[in-house]
Amino acid sequence: MKNYTILFLILALITGLISFTGLRFDGIEVLRVLCLIFTDLFMVSLFAKALFPDAEKLRFQKVKK
């Protein structure tokens, strides 16, 4: 989920621009729902990046027996 942040941002912007600019056609409600879904997924991925650090940055320590 954390790797898809930019993708969700781009998809939310594209669907938002198409659906909320005043265009009128049959599938506009579908685009509005997709915009809301992509915006929610973008926010979730931002929170995931902020709350959970990357596993590559974590350093493992050896446990003494």
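Residues numbered from 1 in each chain as written. Predicted model: local features only at pLDDT ≥ 70, side-chain atom pairs only at ≥ 80, totals over all residues. Heavy atoms only, no water.

### Let's talk about helix H1 (residues 5–19)
Rule in force here: The numbering of helices and of strands both runs from the N terminus, where a helix is a DSSP run of H or I of at least 4 residues and a strand a run of E of at least 2. Expected helix span is taken as 1.5 Å per residue step, with the number of steps being one fewer than the number of residues. Throughout this description, buried means an accessible area under 20% of the type-specific maximum (1.4 Å probe, protein chains only), exposed means over 50%, and partly exposed covers the range between. Think of it as the arc spanned by the lines of direction from the helix axis to the C-beta atoms. Contact criterion: two residues are considered in contact whenever any of their non-hydrogen atoms come within 4.5 Å of each other.
Its 15 residues place the ends of H1 21 Å apart at the C-alpha level, agreeing with the 21 Å of an ideal helix rising 1.5 Å per residue. All of the buried residues along H1 are Thr 5, Phe 8, Ala 12, Thr 15, Gly 16 and Ser 19. The arc that holds every buried residue of H1, seen down its axis, measures 110 degrees, which confines them to one face. In H1, the exposed positions angled more than 90 degrees off the buried face are occupied by Ile 6, Leu 13 and Leu 17. Lining the buried residues of H1 we find helix H2 (28–51).

### Quick word on the packing of H1 against H2
Cut-off, in case you're wondering: Every angle, taken between N-to-C directions, lies between 0 and 180 degrees, and every axis is a line fitted to C-alpha atoms, over only the stretch in contact when it is a helix. Here is the rule for angles: anything less than 35 degrees is roughly parallel, anything more than 145 is roughly antiparallel, 65 through 115 is roughly perpendicular, and the remaining ranges are oblique. Should the near helix be turned anticlockwise from the far one by less than a right angle, the crossing is termed left-handed; should it be turned clockwise, right-handed.
At a minimum axis distance of 8 Å, the contact between H1 and H2 shows a crossing angle of 155 degrees. On the basis of their axis angle, the class for H1 and H2 is roughly antiparallel. When the axes of H1 and H2 are compared, the crossing they make is left-handed. Where H1 abuts H2, its residues Thr 5, Phe 8, Leu 9, Leu 11, Ala 12, Thr 15, Gly 16, Ile 18 and Ser 19 lie against Ile 28, Leu 31, Arg 32, Leu 34, Cys 35, Phe 38, Thr 39, Leu 41, Phe 42, Ser 45, Leu 46 and Lys 49.

### Considering a nonpolar patch on the surface
To keep things clear, this is the line we draw: Residues with no salt bridge and a relative accessible area higher than 30% make up the patches, which join like charges within 9 Å and nonpolar side chains (Val, Leu, Ile, Met, Phe, Trp, Tyr) within 5 Å. Per-residue and other accessible areas follow the Shrake-Rupley method at a 1.4 Å probe size, with only the shown protein chains counted as cover for residues. Put simply, a salt bridge is a Lys or Arg side-chain nitrogen that is within 4 Å of an Asp or Glu carboxyl oxygen.
Taken together, the side chains of Ile 6, Ile 10, Ile 14, Ile 18, Leu 23 and Phe 25 make up a nonpolar region of the molecular surface, amounting to roughly 530 Å² of accessible area. Within the secondary structure layout, Ile 18 lies in helix H1. Of the residues examined, Ile 18 reaches a relative accessible area of 34% and is grouped as partly exposed.

As far as function goes, none of this settles anything; it's purely spatial.
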